[in-house]
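Architecture and fold: a report
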Amino acid sequence: MSHSGNGHGSSAPPLKMGLAIPNSKLCMWLFLGTEIMFFTAFIGSYIVLRIGSPGWPSDPKDTHILVLAGGINTFVLILSSYLVVLSHEAMIGKDYRKAWKFMAGTMALAFVFLGIKSVEYYGKFDHDIVPGHIAENDEQALTKLARECTHSRDAMAEALYVLPEGQTKVPEVIQKIADLLAELDASPDADRRIQLEAFKAMHDRLSSSFVLVRTNADGTTSLNSDPAAIKSARDAYDAAVKQHEAVAAKGVVAGTEAPAAPAPPDIVGLSIAVRRELLPLHTGIGHELNPLITGLLAEMRDSKSNPQIARYFHAHDPHPMVYGNVFASTYFLMTGFHAIHVVIGMILFGLVLAQGRNLNADWIDFVENSGLYWHFVDLVWIFLFPLLYIVEFS
Amino acid sequence: MENHEEHHHPPYKFIFLILIICTALSWLADESKQMFPGKGWLAVTVLAIAAMKASCVMLYFMHLKFERHWKYVLLGPTFILAIGLPLALFPDVAVHYYDVDVPQNPAENREAGNYHGEAASEGHSVTSGHR
């Protein structure tokens with residue numbers, strides 16, 4: 001670390017191979033060079049992906065991006081960068097106690113950063129903004145909602161089911177559902193009846209809502225392509241349209257309203273399958289399932305108002321988002337790797353803080369190199385903040 | 001520690017203030033985007049601010065302004081290689097020789113009063129009650 005003196009008492013400057021900086025600092029800069037390439041690969045690819053993806057989800061209402069949280073975290077990292085600089089300055093000034101305090105402040109701010117990041121991550125998971133979980137179109141949204149509602153119903157069945165005395169074999173969930181419904185018919189006691197009635201209400205609502213959604217043998221769900229189910233839905237739909245047209249024609253004949261594009265028939269009360277067939281003619285391709293999903297959500301909310309159901313009901317607003325999964329992947333990839341770097345920086349600071357009152361001049365280069373690393377972590381966030389939280393390319 | 005003896009004392013506090021002001025400006029730009037339609041200016045503004053902040057951190061906090069010429073030798077090739085991947089991806093990913101059909105644009109959807117707008121007025125989410 002020290003380069004002073006050549007041991008011969010000569011006035012000639014000491015000879016040193018390589019650069020006029022400590023080897024540890026050179027190594028840190030070489031490492032940071034690889035880090036620049038590492039993060040530029042992520043950030044550059046992200047920018048290219050965004051430019052190439054018109055409609056990329058950028059509205060905070062869709063993505064649950066918290067701009068204020070990102071801004072506060074930017075401030076936190078900048079302040080921590082400033083403190084680590086002051087810590088290094090204090091080390092050079094041989095005020096090691098002061099250096100330790102500045103380093104402790106940096107460490108505390110790193111904890112604050114991770115805390116705020118945890119809140120953001122919790123929001124993402126709470127709303128299922130997770131790679132591979134996001135519906136990208138209406139069909140996927142409906143299927144996802146059906147799957148989650150079905151799982152909720154099955155979870156309630158599993159919780160309420162009581163294995164009869166003497167029976168050792170635990171039945172499949174379908175059998176459990178049938179047994180629970182049969183138990184309700186057998187007049188159980190009052191408390192049990194309340195639970196079973198809630199279960200039946202949930203089950204009935206799902207059964208009537210998801211005519212076009214089927215459960216596959218492997219437990220997955222998909223849209224039902226059964227011609228009979230579709231025809232039945234279509235017939236009901238045609239009847240609804242005719243009824244609507246008849247009402248509209250009456251208005252025209254009576255001269256009470258100008259002939260205009262008829263509004264969609266009232267869909268309230270129709271099953272999900274009928275609605276699904278009904279809506280495309282009126283709203284065109286693309287958004288036809290949106291009112292349907294909204295209606296279904298409202299129904300599910302009604303179900304959830306029952307405290308017996310609310311305990312078991314876990315379904316997300318399916319909220320279709322084109323490119324939502326790529327967004328979530330890139331978000332978690334970049335912020336996740338950045339958070340890992342924060343943790344590694346905290347380990348470096350922890351080594352310094354662990355010296356306590358023994359902190360001395362031997363640690364000057366270590367503090368400087370840790371600081372360089374931390375500034376780089378700050379640099380990455382300086383670019384992630386606008387790119388992930390603010391910028392809208394399209 | 002000759003490098004310490006040659007140590008310069010940049011105006012750290014001043015640099016820190018510039019960084020804080022720049023962060024506040026980025027946030028203000030985002031807040032004012034409703035008043036100034038168009039997305040290009042926002043991207044240019046916040047990325048320019050980010051570049052300025054990055055320059056301040058690298059030049060002063062990381063002391064690159066005071067380092068010798070080795071910094072160019074070490075960081076020059078790094079930056080060239082770093083921009084290589086995005087440049088290589090750009091023709092395939094970001095340039096389209098055809099119209100991209102986006103089946104659903106959430107913003108358009110909201111403007112049309114469908115789904116999001118309705119959900120917003122009804123409490124948004126089954127599980128959490130808000131989106």
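Parameters and conventions
Residues numbered from 1 in each chain as written. Chains lettered and ligands numbered in written order. Predicted model: local features only at pLDDT ≥ 70, side-chain atom pairs only at ≥ 80, totals over all residues. Heavy atoms only, no water. Helix = DSSP H or I, 4+ residues; strand = E, 2+ residues; numbered from the N terminus. Buried < 20%, exposed > 50% of the residue type's maximum accessible area, 1.4 Å probe, protein only. Contact = heavy atoms within 4.5 Å. Areas by Shrake-Rupley, 256 points an atom, 1.4 Å probe, with all protein chains shown as cover. pLDDT = per-residue confidence, 0-100. Core = buried A, V, L, I, M, F, W, Y, C linked by side-chain atoms within 4.5 Å. Axes fitted to C-alpha atoms, helices over the stretch in contact; angles between N-to-C directions. Parallel < 35°, antiparallel > 145°, perpendicular 65-115°, else oblique. Left-handed = near helix turned anticlockwise from the far one by under 90°. Phe/Tyr/Trp six-rings, centres within 6.5 Å; stacked < 30°, edge-to-face > 60°. Lys NZ or Arg CZ within 6 Å of the ring centre and 35° of its normal. Patch = residues over 30% accessible without salt bridge, like charges linked within 9 Å, V, L, I, M, F, W, Y side chains within 5 Å. Salt bridge = Lys/Arg side-chain N within 4 Å of Asp/Glu carboxyl O. Disulfide = S-S within 2.5 Å. Nonpolar A, V, L, I, M, F, W, Y, C, P; charged D, E, K, R; others polar.

Some remarks on the overall build of chain B
Helices and strands together make up the secondary structure of chain B, namely 6 helices and 0 strands. Starting at the N terminus, the α and β elements of chain B follow one another as α-α-α-α-α-α. Across the 131 residues of chain B, 39% fall into the buried class. Across chain B, contacts joining residues at least 24 apart in sequence account for 43% of those joining residues at least 6 apart. A total of about 7,500 Å² of accessible surface is found on chain B, and carbon and sulfur atoms cover 65% of it.

Concerning the overall build of chain A
In terms of regular secondary structure, chain A is built from 14 helices and 2 strands. The burial tally for chain A puts 50% of its 394 residues in the buried class. Taking contacts inside chain A between residues at least 6 apart in sequence as the whole, the part at least 24 apart equals 74%. Element-wise, carbon and sulfur atoms account for 63% of the exposed surface of chain A, whose accessible area totals about 18,000 Å².

Observations concerning the confidence of the model for chain A
All names here are of chain A. With 69% of its residues at a pLDDT of 70 or more, chain A shows a mean pLDDT of 79. No element of chain A has a lower mean pLDDT than helix H10 (residues 280–283), at 38, and none a higher one than helix H13 (residues 324–353), at 97. Note that residues 1–9 has pLDDT below 50 and, in this model, 9 contacts with residues that lie over four places away or in other chains. The low-confidence segment residues 257–275 (pLDDT under 50) makes 39 contacts with residues lying over four places distant or belonging to another chain.

A short note on the nonpolar core
Of all hydrophobic cores here, the largest spans 92 residues; its most connected members are Trp29 of chain A together with Met62 of chain B. When residues of this core are traced back to their parent elements, those giving at least two are helix H1 (23–51), helix H3 (67–92), helix H4 (96–126), H13 and helix H14 (364–390) of chain A together with helix H2 (12–31), helix H3 (40–61) and helix H4 (70–93) of chain B. Formed by 16 residues, the second largest nonpolar core is a distinct cluster that contains Ala198, Phe199, Tyr312 and Phe313 of chain A.

Regarding the packing of H1 of chain A against H13 of chain A
Residues and elements named next belong to chain A. For the pair H1 and H13, interaxial distance at closest approach is 11 Å and the crossing angle is 160 degrees. The angle between H1 and H13 places the two elements in the roughly antiparallel class. In this structure, the crossing between H1 and H13 has a hand that is left-handed. Seen from H1, the contacting residues are Glu35, Phe38, Phe39, Phe42, Ile43, Tyr46 and Leu49; seen from H13, they are Val326, Thr330, Leu333, Met334, Phe337, His338 and His341.

Here's the deal with the packing of aromatic side chains
All names here are of chain A. Under the definition given, this model contains 22 aromatic pairs over all chains. With a centroid separation of 5.0 Å and 75 degrees between ring planes, the pair formed by Trp363 and Phe366 is classed as edge-to-face. Looking at Phe366, the relative accessible area reads 26%, which means it is partly exposed. One aromatic cluster in this structure is built from Phe38, Phe39, Phe42, Phe337 and Phe376. In this structure, Lys124 is placed above the aromatic ring of Tyr331, and the distance from its NZ or CZ to the ring centre is 4.7 Å.

Observations concerning a nonpolar patch on the surface
A contiguous nonpolar patch, built from Leu68 and Ile72 of chain A together with Leu17, Ile21, Leu25, Trp27 and Leu28 of chain B and spanning about 640 Å² of accessible area, is present on the exposed surface. When residues of the nonpolar patch are traced back to their parent elements, those giving at least two are H3 of chain A together with H2 of chain B. Checked against the element boundaries, Leu28 of chain B lands in helix H2.

Comments concerning the state of the cysteines
Summed over all chains, the structure comprises 0 disulfides over all chains. The thiol sulfur of Cys56 of chain B is not disulfide-bonded, and the nearest other cysteine sulfur, from Cys22 of chain B, lies at 6.4 Å.

Some words on the environment of Val173 of chain A
All names here are of chain A. Among the secondary structure elements, Val173 is positioned in helix H6 (residues 173–185). The spatial distance from the C-alpha of Val173 to the C-alpha of Ala155 is 9.0 Å, given a sequence separation of 18 residues. Not counting chain neighbours up to four residues away, the residues in contact with Val173 comprise Asp154, Ala157 and Glu158.

Some details on the packing of H14 of chain A against H3 of chain B
Taken N-terminus to C-terminus, the directions of H14 of chain A and H3 of chain B make an angle of 175 degrees; their axes are 10 Å apart at the nearest point. As the angle between them shows, H14 of chain A and H3 of chain B are arranged roughly antiparallel. Contact with H14 of chain A, carried on its side by His375, Asp378, Leu379, Ile382, Phe383, Pro386, Leu387 and Ile390 of chain A, involves Leu42, Val46, Leu47, Ala50, Ala51, Lys53, Ala54, Val57, Met58 and Phe61 of chain B of H3 of chain B and no other residues of that element. Within the contact of H14 of chain A with H3 of chain B, the residues separate by chemical class into 15 nonpolar, 1 polar and 2 charged.

Thoughts on the confidence of the model for chain B
Residue and element names in this part refer to chain B. With 66% of its residues at a pLDDT of 70 or more, chain B has an overall mean of 73. Across residues 103–131, confidence stays below pLDDT 50; counting only partners more than four residues off in sequence or on other chains, it has 75 contacts. The complex model carries a pTM of 0.75, and its ipTM stands at 0.73.

Thoughts on the pattern of salt bridges
The tally for this structure, following the rule as stated, stands at 8 salt bridges over all chains. For Asp154 of chain A, the salt bridge identified is with Arg153 of chain A, shortest N-O distance 2.8 Å. On the accessibility criterion, Asp154 of chain A (18% relative accessible area) is buried. Put simply, Arg193 of chain A and Glu197 of chain A hold a salt bridge, and the shortest N to O gap is 3.2 Å. Taken as a pair, Arg193 of chain A and Glu197 of chain A lie in helix H7 (residues 190–209) at a separation of 4 residues, close to a single helical turn. Relative accessible area serves as the criterion here: at 39%, Glu197 of chain A is assigned to the partly exposed category. The network of salt bridges with common partners includes Lys25 and Glu368 of chain A together with Glu67 of chain B.

With respect to the environment of Tyr60 of chain B
Residues and elements named next belong to chain B. Locating Tyr60 in the fold gives a position in helix H3. For the pair Tyr60 and Pro10, spaced 50 residues apart in sequence, the C-alpha separation works out to 6.4 Å. Leave out the neighbours within four places in its chain, and Tyr60 touches Pro10, Tyr12, Ile15, Lys65 and Phe66.

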